[in-house]
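# What the coordinates show
These are the residues of each chain, in order.
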Amino acid sequence: LPYIYETPGQYMAMTANSDGGFTVAGSTDGNKLFAVRYNANGNIMWQQQYNDERSKEVRTLLYDARSNAYIITGNMGAAQLFTFRIHPATGKPM
């Protein structure tokens, strides 16, 4: 099940993986998105940072089995939403 963590200026979401590990996505400083995938032993499998000039707050991280992608969603301010897809094996944008 997804988990959301929020502190001033930092927004994170986490989801469990079928292999016993977990993936975390978040944003810091308002515009730096990141994602990290851990294996069942807690070792980092990959980590990525995605820079964008627009302010973003991560709200959810889900795995979509049909498209084989992690879906990161959130907001970019007043009434603006974003959806970002990343590859589960590499964390690279899709």
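The coordinates are above.
This text gives an overview of the structure that appears in the document. These numbers were taken from a predicted model, which means no experiment stands behind them. (Residues numbered from 1 in each chain as written. Predicted model: local features only at pLDDT ≥ 70, side-chain atom pairs only at ≥ 80, totals over all residues. Heavy atoms only, no water.)

## Observations concerning the packing of aromatic side chains
As enumerated under the stated definition, the model contains three aromatic pairs in all. Residues phenylalanine 22 and tyrosine 38 carry aromatic rings whose centres are separated by 4.7 Å and whose planes lie at 20 degrees to one another, so their mutual orientation is stacked. Taken together, the residues phenylalanine 22 in strand S3 (residues 22-28) and tyrosine 38 in strand S4 (residues 32-38) connect sequence positions 16 residues apart. Among the residues examined, phenylalanine 22 registers a relative accessible area of 29% and is labelled partly exposed. For the ring pair tyrosine 50 and phenylalanine 84, a centre distance of 4.9 Å and an interplane angle of 65 degrees mean the geometry is edge-to-face. Of the two residues, tyrosine 50 is situated in strand S5 (residues 44-51) and phenylalanine 84 in strand S8 (residues 81-86); the sequence distance between them amounts to 34 residues. Phenylalanine 84 shares its class with tyrosine 50; the two are buried. (Phe/Tyr/Trp six-rings, centres within 6.5 Å; stacked < 30°, edge-to-face > 60°. Helix = DSSP H or I, 4+ residues; strand = E, 2+ residues; numbered from the N terminus. Buried < 20%, exposed > 50% of the residue type's maximum accessible area, 1.4 Å probe, protein only.)

## Things to note about unusual backbone geometry
Even without being a glycine, asparagine 68 presents a positive backbone phi close to 50 degrees. Mapped onto the secondary structure, asparagine 68 falls in the loop between strand S6 (57-64) and strand S7 (69-75).

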